[in-house]
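What follows is each chain in one-letter form.
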2 protein chains.
Amino acid sequence: MWKYFDNLPLKDRSNIASLGEGDTALVRSRQIGPSLGLDQLYFKLEFQNPSGSYKDRFASMAASLMIEENRDRMLATSSGNTGSALAAYAARFGFELDLYVLETAARAKLVQAEAYGARVIRVREFGVTESGTNSVVERLRARARTSEAVLLISATCISPRQMAGVKTISFEICEQLGGAPDHVFGPIGGGGLFYQCYQGYREWFQQGRIDRVPRMHASQPQGCATVVGPLSRNETRAQAVTCTSRISGLQVAAVLDAQVALDTVLDSGGSGQMMSDEAVYSCQRRLIREEGIYTEPAGATALAGLELAVRQGLVKSSEQVVCLVTGGGFKHLESIDAMLEGASMPLINVDEI
Amino acid sequence: MWKYFDNLPLKDRSNIASLGEGDTALVRSRQIGPSLGLDQLYFKLEFQNPSGSYKDRFASMAASLMIEENRDRMLATSSGNTGSALAAYAARFGFELDLYVLETAARAKLVQAEAYGARVIRVREFGVTESGTNSVVERLRARARTSEAVLLISATCISPRQMAGVKTISFEICEQLGGAPDHVFGPIGGGGLFYQCYQGYREWFQQGRIDRVPRMHASQPQGCATVVGPLSRNETRAQAVTCTSRISGLQVAAVLDAQVALDTVLDSGGSGQMMSDEAVYSCQRRLIREEGIYTEPAGATALAGLELAVRQGLVKSSEQVVCLVTGGGFKHLESIDAMLEGASMPLINVDEI
């Protein structure tokens with residue numbers, strides 16, 4: 001992603017902290033696109049990043065700024081992927097990392113962060129209620145103010161310069177397609193990914209590098225619909241909720257970047273799509289079984305939104321559509337196990353072949 | 001990897017079966033290189049491939065040939081990564097896959113293959129003894145002859161055209177470094193990866209695209225030393241063994257490509273390095289903790305070999321060295337769990353922050 005250095009808020013190239021992030025594949029749909037009547041459906045495989053999710057773009061930017069500003073302690077919150085991403089860069093560049101995570105965070109993500117050497121602390125109510133979530137953020141802000149630590153939360157409202165790394169997803173997509181797509185579907189947790197992707201398109205549009213900005217479509221589970229709930233009621237204010245969704249990575253009860261994400265939908269002429277957790281799991285299965293794309297549930301949420309948008313007639317068959325696949329299937333084994341429930345794996349002798 | 005179409009044994013570009021494989025990062029060591037006195041140590045992150053290991057290069061080539069030759073059934077053996085790679089492409093391109101695997105194969109790899117839709121059958125003694133391993137191969141060869149299925153084994157001696165996909169690793173490394181490195185360290189299971197990488201360098205050398213061929217150093221656990229055991233005794237014949245190593249992916253008791261791998265060491269002026277499983281786990285930990293590189297044990301085996309070669313004075317501090325990191329940490333959670341044994345992950349209330 002560092003070929004886009006000029007679009008990123010780092011002063012000196014010598015401070016770039018890279019671990020091979022970015023330059024992920026954009027693959028054309030083989031089976032799902034045709035089944036939806038779409039000629040040009042693409043999936044952006046963000047799990048090819050070094051720690052397995054798009055959060056490495058945030059973490060690489062964060063680590064670079066740590067180096068540039070001579071800092072060496074990180075304080076962070078995460079539902080899992082931000083934590084493992086920051087932990088990878090902390091290990092590589094010699095930072096300490098204290099990581100506060102959801103009680104229910106996916107085990108594979110936490111184990112990964114610990115393997116890199118982060119201190120992982122689980123917090124009750126974090127991610128579930130607005131007050132719990134905001135309290136965690138406020139307390140960590142206070143600790144960061146009274147210590148040498150840098151507070152890192154993958155939300156534009158808290159870590160804007162670090163989050164800028166995420167917009168490189170859009171630059172890559174434009175280069176891979178030879179221009180901006182017509183529609184981009186992305187999942188909403190805190191809303192930062194979605195907003196930053198839009199910023200990327202807008203930036204290149206303003207610089208004359210692309211001739212249009214895509215319609216941005218927000219996909220969110222019903223159980224945590226901070227953006228899409230209000231949109232469905234024709235309201236323009238994002239709203240905190242009590243999270244009942246189980247989709248790892250999208251359990252963000254507070255507003256954070258939800259307002260700028262909601263504004264993105266309206267500004268870009270996109271839509272909001274809301275679905276059950278089961279619909280997300282069903283799309284996870286489709287991506288794995290029909291496209292060979294091993295994704296975690298959150299990474300299939302954009303596709304679940306696309307299915308609804310197609311039914312609503314919002315996407316024309318000839319238009320270019322990109323779904324962001326944010327993290328890999330290895331990140332959430334619980335959903336893979338559930339998918340395989342009852343599957344047998346026989347054990348035989350050689351002579352039984 | 002398909003930008004190297006002209007170097008691959010496929011007739012028609014329209015038959016390319018791609019899922020975003022290849023173009024993996026080559027990252028420079030931050031901490032391990034300096035600690036070994038090496039200025040230019042690089043890691044090739046093959047876990048960035050779509051199913052999480054270098055085997056996707058084999059699988060993409062295999063799937064492309066299936067399409068070109070109008071076949072639709074795959075029969076394969078695997079210790080895990082070949083299986084999940086083939087299963088991904090089988091899902092995407094609509095092939096059936098029967099997969100025969102080691103009884104002790106890593107759970108994450110088998111679950112992944114099943115999630116994509118492969119039929120997974122575990123076979124006793126396969127991988128452990130020479131006779132068990134050879135019997136499995138012979139029986140599957142016979143089944144392939146009497147059916148429409150294509151037998152796919154990631155060994156040059158059985159699937160030479162498919163294995164050619166693997167040599168693209170070397171083309172990429174040469175482009176990333178602006179020439180061939182001085183030394184390449186790779187793990188040996190069956191030996192096919194190691195041999196194909198050498199073929200890649202030789203091919204470009206013969207075409208005048210690089211001005212030398214690297215020294216190829218083979219790393220292998222003591223418990224399955226089909227190549228390095230003989231080398232250590234100054235013998236030139238690869239030897240079948242009874243496998244006692246637990247390193248997933250390197251448990252190949254039979255010779256398969258071990259002879260051409262041994263010849264590669266001798267031809268290239270490389271060396272053979274043999275170590276305990278514990279030394280491999282220790283290097284896995286170093287890669288994760290010191291470089292932020294989340295690897296499975298097999299992916300750390302090359303580094304374990306490099307450590308020994310440095311001690312033997314085989315590598316000069318100014319030389320360019322590449323270690324192949326063949327698969328990701330997600331592929332083998334057992335080793336990650338062992339690494340973290342005793343680590344706590346406290347659960348606190350918000351007001352305890």
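Let us look at the structure shown here. (Residues numbered from 1 in each chain as written. Chains lettered and ligands numbered in written order. Predicted model: local features only at pLDDT ≥ 70, side-chain atom pairs only at ≥ 80, totals over all residues. Heavy atoms only, no water.)

### Examining the overall build of chain A
Threshold: Where helices and strands are cited, they refer to DSSP runs of H or I of at least four residues and of E of at least two residues respectively, numbered from the N terminus. Two residues form a contact once any of their heavy atoms are found within 4.5 Å. Accessible surface area values rest on a Shrake-Rupley calculation with a 1.4 Å probe, where residue burial reflects the displayed protein chains alone.
Tallying secondary structure elements over chain A gives 13 helices and 11 strands in all. Principal-axis analysis of the C-alpha atoms places the extent of chain A at approximately 60 × 55 × 40 Å. Long-range contacts, defined as pairs at least 24 residues apart, comprise 72% of the intrachain contacts of chain A with a sequence gap of at least 6. Only carbon and sulfur atoms are counted for the fraction: they give 43% of the accessible area of chain A, which is about 12000 Å².

### Comments concerning the interface of chain A and chain B
What counts is decided by this rule: Think of a salt bridge as a Lys or Arg side-chain nitrogen and an Asp or Glu carboxyl oxygen that are within 4 Å of each other. For the purposes of these results, a polar contact is taken to be a pair of N or O atoms within 3.5 Å, where, inside protein, one atom must be able to donate a hydrogen and its partner to accept one; residues adjacent in sequence count only when each atom of the pair is a side-chain atom.
Each side of the interface is counted separately: chain A has 64 residues, and chain B has 64 residues. Our count for the contact surface shared by chain A and chain B stands at 4 salt bridges. A salt bridge links B:Asp337 to A:Arg107, with the nearest nitrogen and oxygen atoms 2.6 Å apart. Applying the counting rule to chain A against chain B returns 29 residue pairs in polar contact (both at pLDDT 80 or more). Sorting the residues of the side of chain A that touches chain B by element identifies strand S1 (26-28), helix H3 (81-93), helix H4 (107-116), strand S5 (119-123), helix H5 (130-145), helix H11 (277-291), helix H13 (333-339) and strand S11 (347-348) of chain A as the ones contributing at least two each.

### Focus: the pattern of salt bridges
When charged atoms on two side chains of opposite charge get close, those side chains can pair. Threshold: Note on classification: 1.4 Å probe, protein chains only; a residue is buried when its accessible area is under 20% of the maximum for its type, exposed when over 50%, partly exposed between these limits.
Tallied over the full model, the rule gives 38 salt bridges over all chains. We note a salt bridge from B:Glu69 to B:Arg161, for which the minimum N-O separation is 2.6 Å. Taken as a pair, B:Glu69 in the loop between helix H2 (55-68) and strand S3 (73-78) and B:Arg161 in helix H6 (residues 160-163) lie far apart in primary sequence, 92 residues in all. Judged by its relative accessible area of 32%, B:Glu69 is partly exposed. B:Arg286 is the salt-bridge partner of B:Glu290, the closest N and O atoms lying 3.1 Å from each other. On the criterion of helical spacing, the pair formed by B:Glu290 and B:Arg286 is a turn pair, its members being 4 residues apart in helix H11 (residues 277-291). Sharing partners across several salt bridges, the network here consists of A:Arg73, A:Glu96, A:Asp98, A:Arg119 and A:Arg143.

### A short note on the sheet that holds strand S3 (residues 73-78) of chain A
Rule in force here: Strand pairing is assigned whenever DSSP detects at least two bridges linking the two strands. Every axis corresponds to a line fitted to the C-alpha atoms, with the helix fit spanning only the stretch in contact, and the corresponding angles, defined between N-to-C directions, vary from 0 to 180 degrees.
A sheet is described by the order of its strands in space; here 5 strands give the open sequence S6(A)-S3(A)-S4(A)-S5(A)-S11(B), paired in parallel fashion. Among the strands making up the open sheet, the edge pair consists of strand S6 (150-152) of chain A together with strand S11 (347-348) of chain B. Across 5 bridges, the pairing between strand S4 (residues 96-102) of chain A and S5(A) is parallel. Across the sheet, the residue bridging to A:Leu99 is A:Val120, located in S5(A). H3(A) rests against S3, S4 and S6 of chain A of the sheet, and its axis sits at about 160° to S3(A). Packing of H5(A) onto the sheet brings it into contact with S3, S4, S5 and S6 of chain A, and relative to S3(A) it is tilted by some 175°.

### Quick word on the nonpolar core
Quick reminder of the rule: Residues belong to one nonpolar core when they are buried, are Ala, Val, Leu, Ile, Met, Phe, Trp, Tyr or Cys, and are joined through side-chain atoms within 4.5 Å.
In this structure, A:Phe43, A:Leu306, B:Phe43 and B:Leu306 are the most contacted members of the largest nonpolar core, which totals 232 residues. With residues near it in sequence (within four places) discarded, A:Phe43 still touches A:Ala25, A:Leu26, A:Val27, A:Ser29, A:Ile32, A:Leu287, A:Glu291, A:Ile293, A:Leu303, A:Cys323 and A:Val325.

### Considerations on the relation of the copies chain A and chain B
To keep it simple, the criterion reads: Superposing the copies works by least squares over the C-alpha atoms of residues that have pLDDT at least 70 in both of them.
Each copy of the sequence occupies a distinct position, and chain A is placed on chain B by a rotation of 180° and an axial shift of 0.0 Å, giving an RMSD of 0.0 Å. On this basis, the relationship between the two copies can be described by a two-fold rotation axis. If distances are taken from each C-alpha of chain A to the rotation axis, the shortest is found for A:Gln48, at 2.4 Å. Same-surface contact between copies: 100% of interface residues of chain A are shared with the interface of chain B.

### A few points about the side chain of B:Thr77
All names here are of chain B. Counting through the fold element by element, Thr77 comes out in strand S3. The exposure class of Thr77 is buried, given its relative accessible area of 6%. Apart from residues no more than four positions distant in its own chain, Thr77 is found in contact with Thr82, Tyr100, Phe126, Val136, Leu140, Leu152 and Ile153.

### Things to note about the environment of B:Gly305
All names here are of chain B. Mapped onto the elements of the fold, Gly305 is located in helix H12 (residues 297-311). With relative accessibility at 0%, the residue Gly305 sits in the buried group. For Gly305 and Arg289, which are 16 residues apart along the polypeptide, the C-alpha to C-alpha distance reads 19 Å. The contacts of Gly305, once residues within four sequence positions are left out, are Phe185, Ser219, Gln273 and Met275.

### Quick word on the pairing of strand S2 (residues 40-45) of chain B
Residues and elements named next belong to chain B. With 6 of its 6 residues buried, S2 lies for the most part within the structure. Burial along S2 is two-sided: Gln40, Tyr42 and Lys44 facing one way and Leu41, Phe43 and Leu45 facing the other are all buried. Sheet analysis places strand S1 (residues 26-28) next to S2, joined by 3 bridges and oriented antiparallel. Across the sheet, the residue bridging to Arg28 is Tyr42, located in S2.

### Remarks on the packing of H11(A) against helix H12 (residues 297-311) of chain A
Residue and element names in this part refer to chain A. How we decide: Each angle receives one of four descriptions, namely roughly parallel if under 35 degrees, roughly antiparallel if over 145, roughly perpendicular if within 65 to 115, and oblique otherwise. Only Asp, Glu, Lys and Arg are considered charged, only Ala, Val, Leu, Ile, Met, Phe, Trp, Tyr, Cys and Pro nonpolar, and every remaining residue, Gly among them, polar.
Contact geometry of H11 with H12 gives a least axis separation of 7 Å together with a crossing angle of 100°. When the axes of H11 and H12 are compared, the pair comes out roughly perpendicular. Contacts from Ala279, Val280, Tyr281, Cys283, Gln284, Arg286 and Leu287 in H11 reach Pro297, Gly299, Ala300, Thr301, Leu303, Ala304 and Glu307 in H12. The residue makeup of the contact of H11 with H12, split by class, is 9 nonpolar, 3 polar and 2 charged.

### Things to note about the state of the cysteines
Residues and elements named next belong to chain B. Counted only if it meets this: Count a disulfide wherever a pair of cysteine sulfur atoms falls within 2.5 Å.
Across all of its chains, the model carries 0 disulfides over all chains by this definition. The thiol of Cys174 is not disulfide-bonded; the next cysteine sulfur, from Cys197, is found 10 Å away. The buried category is assigned to Cys174, whose relative accessible area is 5%. On the basis of relative accessibility, which here comes to 1%, the residue Cys197 falls in the buried class.

### Observations regarding unusual backbone geometry
Peptide bonds are, in most cases, trans, and in most cases residues other than glycine have a negative phi. Residue and element names in this part refer to chain A. Backbone geometry places Asn70, a non-glycine residue, at a positive phi of 60°. Among the structural elements, Asn70 can be located in the loop between helix H2 (55-68) and S3. Of note in the backbone geometry, Glu125 takes a positive phi value of approximately 75° without being a glycine. Tracing the backbone shows Glu125 in the loop between S5 and H5. A relative accessible area of 41% means that Glu125 is categorised as partly exposed.

### Some points on the side chain of B:Gln48
Along the chain, the position of B:Gln48 falls in the loop between S2 and H2. Within polar-contact distance, the side chain of B:Gln48 engages the backbone nitrogen of B:Ala25 at 2.9 Å.

### Section: the sheet that holds strand S6 (residues 150-152) of chain B
Spatial strand order, S11(A)-S5(B)-S4(B)-S3(B)-S6(B): 5 strands in an open sheet with parallel pairing. Both edges of this open sheet fall to S11 of chain A together with S6 of chain B, since each of them pairs with a single strand only. Here helix H3 (residues 81-93) of chain B sits on the sheet and contacts S3, strand S4 (96-102) and S6 of chain B; the angle it forms with S3(B), its principal contact strand, is near 160°. Set on the sheet, helix H5 (residues 130-145) of chain B makes contact with S3, S4, strand S5 (119-123) and S6 of chain B; between it and S3(B) the angle comes to about 175°.

### Describing the environment of B:Glu307
Residues and elements named next belong to chain B. Among the secondary structure elements, Glu307 is positioned in helix H12. In this structure Glu307 comes out as buried when scored by relative accessible area, which is 16%. The spacing of Glu307 and Ser335 is 28 residues in sequence and 20 Å in space, taken between C-alpha atoms. Contacts of Glu307, omitting those with residues within four sequence positions, involve Leu36, Cys283 and Arg286.

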